[in-house]
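# Examining the three-dimensional arrangement
Residue strings, one per chain:
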Amino acid sequence: MRNLSLGGGLLLLLAECRGGEGRSVFAGVPSLAHHSSPKHLLQLGGRLLLVLMFMTLLHFDLSLFSVLQNLVGTALMVLVAVGFKTKLAALTLVFWLLCINFTFNTFWTVPSYKPMHDFLKYDFFQTTSVIGGLLLVVALGPGGVSMDEKKKEW
């Protein structure tokens, strides 16, 4: 699942590089026609794949910290997936992932000759890549297929 979340970050990058916005007759004037462009669909797919990262972080034990981590992670996951308050939720996920990453994936404390060093290092940098994808969501927004965008129409 973590590899799929990395693919989500790449989809977001592809959506930004590709553009997908049609040229208007009047420069700078938005059009009233609303359709799902490939860019919006790529952003939706990228958002959905990015939140898969948190499914790997869910722990099913009954300690207070584990229950809190599961509740916060799941709530933020749902907000980013449906596109409600996406920038704020993604930024909160960035800080949440940074804390979790530096707490649990401390590869620098394990001697390099042990296999656990490589596993923790892999998890650390993969989580860092997902943080980069979430920062793309913060910078670019949720896209056209989101609740934030639908609120603008109401």
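Our structure's up above, just so we're on the same page.
The shown structure was predicted, so the numbers you read here are calculated from the model rather than taken from an experiment. (Residues numbered from 1 in each chain as written. Predicted model: local features only at pLDDT ≥ 70, side-chain atom pairs only at ≥ 80, totals over all residues. Heavy atoms only, no water.)

Each aromatic ring pair is characterised by the separation of its centres together with the angle its planes make. Taken as a whole and assessed by the stated rule, the structure comprises eight aromatic pairs. Measuring from ring centre to ring centre gives 6.4 Å for Phe65 and Phe104, while their planes differ by 55 degrees; the resulting arrangement is tilted. One end of the pair, Phe65, is in helix 3 (residues 64-82); the other, Phe104, is in helix 4 (residues 86-104), and 39 residues separate them in sequence. What makes Phe104 partly exposed here is its relative accessible area of 40%. A ring pair is formed by Phe124 and Phe125, whose centres lie 5.2 Å apart and whose planes are at 90 degrees; its orientation type is edge-to-face. Given a relative accessible area of 9%, Phe124 falls into the buried group. The class for Phe125 is partly exposed, based on a relative accessible area of 43%. (Phe/Tyr/Trp six-rings, centres within 6.5 Å; stacked < 30°, edge-to-face > 60°. Helix = DSSP H or I, 4+ residues; strand = E, 2+ residues; numbered from the N terminus. Buried < 20%, exposed > 50% of the residue type's maximum accessible area, 1.4 Å probe, protein only.)

If you trace the backbone, Thr127 turns up in helix 5 (residues 115-140). Among the polar contacts listed, one links the side chain of Thr127 to the backbone oxygen of Asp123, at a separation of 2.8 Å. (Polar contact = N/O pair within 3.5 Å; in protein donor to acceptor, adjacent residues only side chain to side chain.)

The biggest cluster of nonpolar side chains holds 21 residues, and the ones touching the most others in it are Leu97 and Leu134. For this core, the elements supplying multiple residues, two or more each, are helix 3, helix 4 and helix 5. Other than its neighbours up to four places away in sequence, Leu97 contacts Phe54, Leu57, Thr127, Val130, Ile131 and Leu134. (Core = buried A, V, L, I, M, F, W, Y, C linked by side-chain atoms within 4.5 Å. Contact = heavy atoms within 4.5 Å.)

Assignment of secondary structure puts Ser66 in helix 3. Residue class for Ser66 comes out buried when judged on its relative accessible area of 4%. The contacts of Ser66, once residues within four sequence positions are left out, are His59 and Asp61.

A grouping of Leu91, Phe95, Leu98, Phe102, Trp108 and Leu135 is seen on the molecular surface, where their side chains present a nonpolar patch of about 570 Å² in accessible area. At four residues, helix 4 tops the list of elements feeding residues into the nonpolar patch. By secondary structure assignment, the location of Trp108 is in the loop between helix 4 and helix 5. Here Trp108 falls in the partly exposed class, since its relative accessible area comes to 44%. (Patch = residues over 30% accessible without salt bridge, like charges linked within 9 Å, V, L, I, M, F, W, Y side chains within 5 Å. Areas by Shrake-Rupley, 256 points an atom, 1.4 Å probe, with all protein chains shown as cover. Salt bridge = Lys/Arg side-chain N within 4 Å of Asp/Glu carboxyl O.)

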